[in-house]
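Tertiary structure, described
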Amino acid sequence: MRRQLEPTHLIPARATLRRAVIQIDRNRCGAVCVVDDQDHLLGILTDGDIRRQVLRQADLDKTRVEDVMQRRPVTATEDFSLAQLRHLMKARSIQQIPIVDHENRILGLSLAADLVAGPARGKRAVVMAGGRGVRLRPLTLERPKPLLPVGGRPLIELIIERMVASGFTDIVVTTGYRSRMIEDHLQDGSHLGASIRYLQEEAPRGTAGSLAALPEDMVGDLLVMNGDILTTLEFNGLLDSHQAGGSDLTLAVREVEQHVDYGVVQTQDEWITRIDEKPRRTMLVNAGIYIVGPRARALVPGSGRFDMTELVRYSLGERLRVRSFPLREYWLDIGRMDDYERANRDLADQKTTGIAKDMDRQQPERAQV
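Residues numbered from 1 in each chain as written. Predicted model: local features only at pLDDT ≥ 70, side-chain atom pairs only at ≥ 80, totals over all residues. Heavy atoms only, no water.

Some details on a nonpolar patch on the surface
For the record, the criterion: Here the term patch refers to residues with relative accessible area over 30% and no salt bridge, with like charges joined within 9 Å and nonpolar side chains (Val, Leu, Ile, Met, Phe, Trp, Tyr) within 5 Å. The Shrake-Rupley method, run with a 1.4 Å probe, gives the accessible areas here. Residue values count only the displayed protein chains as cover. Within this document, salt bridges are pairs made up of a side-chain nitrogen of Lys or Arg and a carboxyl oxygen of Asp or Glu, the two lying within 4 Å of each other. Each helix is a run of DSSP H or I of at least 4 residues and each strand a run of E of at least 2, with the numbering of both proceeding from the N terminus.
A contiguous nonpolar surface patch, about 300 Å² in accessible area, is contributed by V265, I272 and I275. Relative to the assigned elements, I275 resides in strand β15 (residues 271-277).

In structure tokens, the structure reads:
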């Protein structure tokens, strides 16, 4: 089985990575095939290749596809069976295989997602929903932050629907502040296509502490997410990256741009060596979305407060494999009133839900110092 080629599946080698990002977001295949004028296959560029360039802080408007593409991709011909394609993808840990003719002209694209009936259900996730939402008062005086309406619906419903669409249907919601309201609203989750259980914290356990108290059947790699995040991230891609990299703990990270509203001076002893007027700096920050493997989870203590930042430090100290997964998708941490107002505006503009097929690319977050 193969996808029929559309213009968004193909890209010239001299195109920019920015154009590749736009095409991948639109074709929803996780890759573009790099071709010449006669449609001969020159290489393939995947979503993962682009994310690695984001981590290296490459300029997407200047970097060319030919500088990043995989020049010797795994390919198949039309006579390959579905079983052969599945085996090849599993053996090489890849999600896309270009179909070519005997002259290496591109004919189609076979995707792992097309070779199965749909996303595997029953994958496990945890939504951290116990915070008090102090910075959003007075809105959170009467209701917990995850139940605040965004576009007319509670934020936590949008999060869970996004998880279910990727097959994460076995979900534990950790609660604390006004926990009964969350449980009464979500109930068993069946109306959302999920099976929801609850873990109520008697005292705040931090952003990772409750992982030590999950039900015994919550095993394997867990998707863990803060309950105040609005994103269009495909969680399957995060899980696939985690597993393909042999990671114990994977953090989704987001690029932010920091503006310093002063002239920044560099010195050596009392001598000034350089001054930069109102410089801009980019950095990667924790996006509050994780895949936590069994070995990392085993480091969480059974009592007391324990945050994800501590779990990262503990994991690094134990020489576990800790990876980053850069977000290109829409992402908003709804921590302050202006964030909440922005979320409602963006939802009205069709930027935030999986319903919108063509989403505007969100610019890096900006912070001032």
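As for the pairing of strand β10 (residues 195-200)
For clarity, the cut-off: Only strands joined by at least two bridges in the DSSP assignment are considered to pair. With the strands pointing away from the viewer, any crossover whose connection runs clockwise from the first strand over the helix to the second is right-handed.
Across six bridges, the pairing between strand β9 (residues 170-175) and β10 is parallel. Bridge pairing links T174 to L199 in β10. In this view, the connection linking β9 to its parallel neighbour β10 by way of helix α5 (residues 179-186) has right-handed handedness.

A look at helix α1 (residues 17-27)
Defined as follows: Exposure is judged per residue with a 1.4 Å probe applied to protein chains only, and the accessible area is read against the type maximum: over 50% gives exposed, under 20% gives buried, and values in between give partly exposed. Contacts are assigned to residue pairs that have any heavy atoms within 4.5 Å of one another.
Taken together, the buried positions of α1 are occupied by L17, A20, V21, Q23, I24 and N27. Elements that come into contact with the buried residues of α1 comprise β1 (10-12), β2 (31-35), β3 (41-46) and α2 (47-55).

Notes on the packing of helix α4 (residues 155-165) against α5
Pairs of packed helices are described in terms of their axes, by the angle between the two and the distance that separates them. The line we're drawing: Lines fitted to C-alpha atoms define the axes here, with helix axes fitted over just the stretch in contact, and angles between the N-to-C directions of these axes take values from 0 to 180 degrees. Note on terminology: angles under 35 degrees are roughly parallel, angles over 145 are roughly antiparallel, angles of 65 to 115 are roughly perpendicular, and the others are oblique. Helix crossings are classified by the rotation of the near helix relative to the far one: an anticlockwise turn of less than a right angle makes the crossing left-handed, while a clockwise turn makes it right-handed. Polar here means any residue outside two lists: the nonpolar Ala, Val, Leu, Ile, Met, Phe, Trp, Tyr, Cys and Pro, and the charged Asp, Glu, Lys and Arg; Gly therefore counts as polar.
Their axes nearest at 11 Å, the elements α4 and α5 cross at an angle of 50°. In terms of axis orientation, α4 runs oblique to α5. Considering how the two elements wind past one another, α4 and α5 form a crossing that is right-handed. The residues of α5 that touch α4, namely those facing I156, E157 and I160, are I182, H185 and L186. For the contact of α4 with α5, the per-class residue count stands at four nonpolar, one polar and one charged.

Quick word on the sheet that holds β1
The strand order β1-β2-β3 describes an open sheet built from three strands, whose pairing is mixed. At either end of the open sheet lies a strand with only one pairing partner, and these are β1 and β3. Neighbour-to-neighbour, the strand axes of this sheet turn through a mean angle of 35°, independent of strand direction. Bridge count for β1 against β2 is three bridges, and the pairing is parallel. If you follow I11 over to β2, its bridge partner there is V34. Set on the sheet, α1 makes contact with β1, β2 and β3; between it and β2 the angle comes to about 125°.

Regarding the pattern of salt bridges
Should their charged atoms come close, side chains of opposite charge can pair. Scanning the entire structure with this criterion turns up 23 salt bridges. One salt bridge connects R124 with D170, and the closest N-O pair in it is separated by 3.9 Å. With a gap of 46 residues between them, R124 in strand β6 (residues 124-129) and D170 in strand β9 connect regions that are remote in the sequence. The shortest N-O distance in the salt bridge between D248 and R295 comes to 3.1 Å. On the criterion of sequence distance, the pair formed by D248 in the loop between α6 (235-244) and β13 (249-259) and R295 in helix α7 (residues 294-297) is long-range, its members being 47 residues apart. One salt-bridge network, in which partners are shared between bridges, spans D25, D47, R51, R328 and E329.

Regarding the pairing of strand β5 (residues 106-111)
Of all the six residues making up β5, five are buried; the element is thus mostly covered by neighbouring parts of the structure. Sheet topology places strand β4 (residues 96-100) next to β5; five bridges connect them, and they run antiparallel. From the neighbouring strand, I97 faces β5, where its bridge partner is S110. The antiparallel hairpin formed by β4 and β5 contains five residues in its connecting segment, where N104 sits at a positive phi of about 65°.

A short note on unusual backbone geometry
Trans is the common state for peptide bonds, and a negative phi is the common state for residues other than glycine. Cis geometry marks the peptide bond from R137 to P138, where omega comes out at 15°. Positive phi outside glycine occurs at R178, with the angle close to 50°. The topology assignment puts R178 in the loop between β9 and α5. Even without being glycine, Q187 reaches a positive phi, approximately 50°. Tracing the backbone shows Q187 in the loop between α5 and β10. Q187 gets classed as exposed once you look at its relative accessible area, which sits at 54%.

Here we look at the packing of aromatic side chains
Basically, it comes down to this: Stacked, tilted and edge-to-face pairs are distinguished by plane angle, under 30 degrees for stacked and over 60 for edge-to-face with tilted covering the rest, among Phe, Tyr and Trp rings (Trp via its six-membered ring) whose centres lie within 6.5 Å. The rule for a charge over a ring is simple: NZ of Lys or CZ of Arg within 6 Å of the ring centre, and within 35 degrees of the ring normal.
Under the criterion given, the structure shown has one aromatic pair. Their ring planes at 80° and their centres at 5.1 Å tell us that F306 and Y314 sit as a pair that is edge-to-face. The class for Y314 is partly exposed, based on a relative accessible area of 44%. One cation-aromatic arrangement involves K123 over F168; the distance from NZ or CZ to the ring centre is 4.8 Å.

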